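Descriptive structure summary
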Amino acid sequence: MTVVDAHHHVWDLSVRDQPWLAAPELSALRRDFVVADLAPSARAAGVGRSVLVQTVTVPEETPELLALAAGHGLAAGVVGWADLTRPDLADELARLGELPGGRFLTGIRHQVQDEPDPEWLLRPDVRRGLTAVAAAGLRYDLVVRPRQLPACARAAAAHPGLTFVLDHLGKPPVAHGRLEPWRTALRALAALPNTVGKLSGLLTEAAPGSWRVADLRPYSETALDAFGPDRLMFGSDWPVCTLRASYGEVLDVTRELLAGLHPGERAAVLAGTATRVYGLCGPVPDSRVGGRNSRT
């Protein structure tokens, strides 16, 4: 079965800085990571398609990611960034769709986790932007922390026509082994039919150097029970995942976490959900995968 990696990043520090990499614990990531670096590991792990996700809140990055997806066979979709609060967001989304690679635009994301207001998603100007995202036929990725999950549920309830995709399961406190209040908040969000979860980023939240698969299982099982396999998708969170494990190891851990499912359920998490929810562009010949074209 060909796997879909629903969440990875790339960046080129000669194009622009990544300010979030300034933290000392992220020093190993302060170098370039491009699709050509990922492609061999993805092929070896059985990954045939992926979703390329934004990293910085600047308007220039999204067109670059779209062009990158158009030039490589691995990325089948792009979750970009656009300012939800701009009054002309609908026009901006239409412009992005007309750019080279615009057909790969499948969603929009903002680093809500960095917003000091835990109810940022409920602001009138943000809600107007979410309405524009829905009208454009796109999805909205949520990158949030547990304290922001209640606002996510309220936003999803207020926009039933928009699919909300929860990145990294809302970053539960894996290193501390706590489930509450994250578990209750996640269940409330997952109870809404227009929400989807990404089984991604759990290793990043685990204790460095001493994590075990058993540490992750309570969180993956909570997500599987809350969303179900048809609303849960695998994402590597490469290259951030390399702080804890290699690309292949991340996929091996995920398969171990899914081992108790029926084959069809595993296939949904590993490929089917992402393909359906993101409406991914079709596969291209393998000869294009891994070619070194543009960087971002």
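This is a predicted model, so every value here is computed, not measured.

We now examine the overall build of the protein. A count of helical and extended segments in the protein gives ten helices and eight strands. Its C-alpha atoms give the protein a radius of gyration of 18 Å, near enough to 19 Å, the size a compact globule of 296 residues would have. Based on the C-alpha atoms only, the size of the protein along its principal axes is roughly 45 × 45 × 40 Å. The burial tally for the protein puts 55% of its 296 residues in the buried class. Counting contacts in the protein only where the partners sit at least 6 residues apart, residues at least 24 apart contribute 83% of the total. For the protein, the exposed area adds up to about 11,700 Å²; of that, 53% sits on carbon and sulfur atoms. Of note, the protein has its 31 positive side-chain charges centred 2 Å away from the centre of its 33 negative side-chain charges.

The next subject is the packing of helix H3 (residues 89-98) against helix H4 (residues 124-135). Where H3 meets H4, the axes come as close as 9 Å, and the angle between the chain directions of the two elements is 35°. Handedness of the H3/H4 crossing: right-handed. Judged by residue contacts, Leu89, Ala90 and Leu93 of H3 engage Gly129, Ala132 and Val133 from H4. Partitioned by chemical class, the residues of the contact of H3 with H4 number five nonpolar, one polar and no charged.

This part covers the nonpolar core. Judged by nonpolar contacts, the single largest core of 84 residues is most densely connected at Leu84, Ile108, Leu121 and Tyr140. The element that contributes the greatest number of residues to this core is helix H8 (residues 213-227), accounting for seven residues. Judged by nonpolar contacts, the second largest core, of 14 residues, contains Ala6, Val51, Ala271 and Tyr278.

Here the structure, examined in full by the defined rule, presents five aromatic pairs. The interplanar angle of 90° and the centroid separation of 5.5 Å between the aromatic rings of Phe33 and Trp238 together place this pair among those described as edge-to-face. Remark: Trp238 occurs in the loop between strand E8 (232-234) and helix H9 (247-257) and Phe33 occurs in the loop between strand E1 (3-8) and helix H1 (35-44); sequence separation between them is 205 residues. Exposure class is identical for Phe33 and Trp238. Each is buried.

So, on to the pattern of salt bridges. Taken as a whole, this structure holds twelve salt bridges when the rule is applied. Glu92 serves as the salt-bridge partner of Arg86, at 3.7 Å between the closest nitrogen and oxygen. Relative accessible area serves as the criterion here: at 9%, Glu92 is assigned to the buried category. Salt-bridge contacts for Asp125 lead to Arg123; the nearest nitrogen and oxygen are separated by 2.7 Å.

All right, on to the pairing of strand E4 (residues 105-110) then. Of all six residues in E4, six are buried; the element is thus mostly enclosed. Note: strand E3 (residues 75-80) against E4, three bridges, orientation parallel. The residue bridging Val79 from the neighbouring strand is Gly107, located in E4. Of the crossover connections in this fold, the one passing from E3 over H3 to the parallel E4 is right-handed. Sheet topology note: the E4/strand E5 (residues 139-142) ladder contains four bridges and is parallel.

Within the element layout of this structure, His7 appears in strand E1. Overall, the relative accessible area of 0% leaves His7 in the buried class. Within polar-contact distance, the side chain of His7 engages the side chain of Lys198 at 2.9 Å. Beyond its immediate chain neighbours, meaning those up to four positions away, His7 contacts Val51, Val53, Arg109, Asp141, Asp167, His168, Lys198, Gly235, Ser236, Asp237 and Trp238.

A few words now on the pairing of strand E2 (residues 47-53). In terms of residue burial, E2 counts as a mostly covered element, since six of its seven residues are buried. Here four bridges tie E1 to E2, and the two strands are oriented parallel to one another. By the bridge assignment, Val3 is partnered in E2 with Val47. Handedness of the crossover joining E1 and E2 through H1 is recorded here as right-handed.

Each value, and the rule that gives it
- Residues numbered from 1 in each chain as written.
- Predicted model: local features only at pLDDT ≥ 70, side-chain atom pairs only at ≥ 80, totals over all residues.
- Heavy atoms only, no water.
- Helix = DSSP H or I, 4+ residues; strand = E, 2+ residues; numbered from the N terminus.
- Rg over C-alpha atoms; globule rule 2.2 N^0.38 Å.
- Buried < 20%, exposed > 50% of the residue type's maximum accessible area, 1.4 Å probe, protein only.
- Contact = heavy atoms within 4.5 Å.
- Areas by Shrake-Rupley, 256 points an atom, 1.4 Å probe, with all protein chains shown as cover.
- Lys, Arg positive; Asp, Glu negative; His and termini not counted.
- Charge placed at Lys NZ, Arg CZ, Asp CG, Glu CD.
- Axes fitted to C-alpha atoms, helices over the stretch in contact; angles between N-to-C directions.
- Left-handed = near helix turned anticlockwise from the far one by under 90°.
- Nonpolar A, V, L, I, M, F, W, Y, C, P; charged D, E, K, R; others polar.
- Core = buried A, V, L, I, M, F, W, Y, C linked by side-chain atoms within 4.5 Å.
- Phe/Tyr/Trp six-rings, centres within 6.5 Å; stacked < 30°, edge-to-face > 60°.
- Salt bridge = Lys/Arg side-chain N within 4 Å of Asp/Glu carboxyl O.
- Pairing = 2+ DSSP bridges.
- Right-handed = clockwise from strand over helix to strand, strands pointing away.
- Polar contact = N/O pair within 3.5 Å; in protein donor to acceptor, adjacent residues only side chain to side chain.

All we've got here are geometric facts, nothing functional implied.
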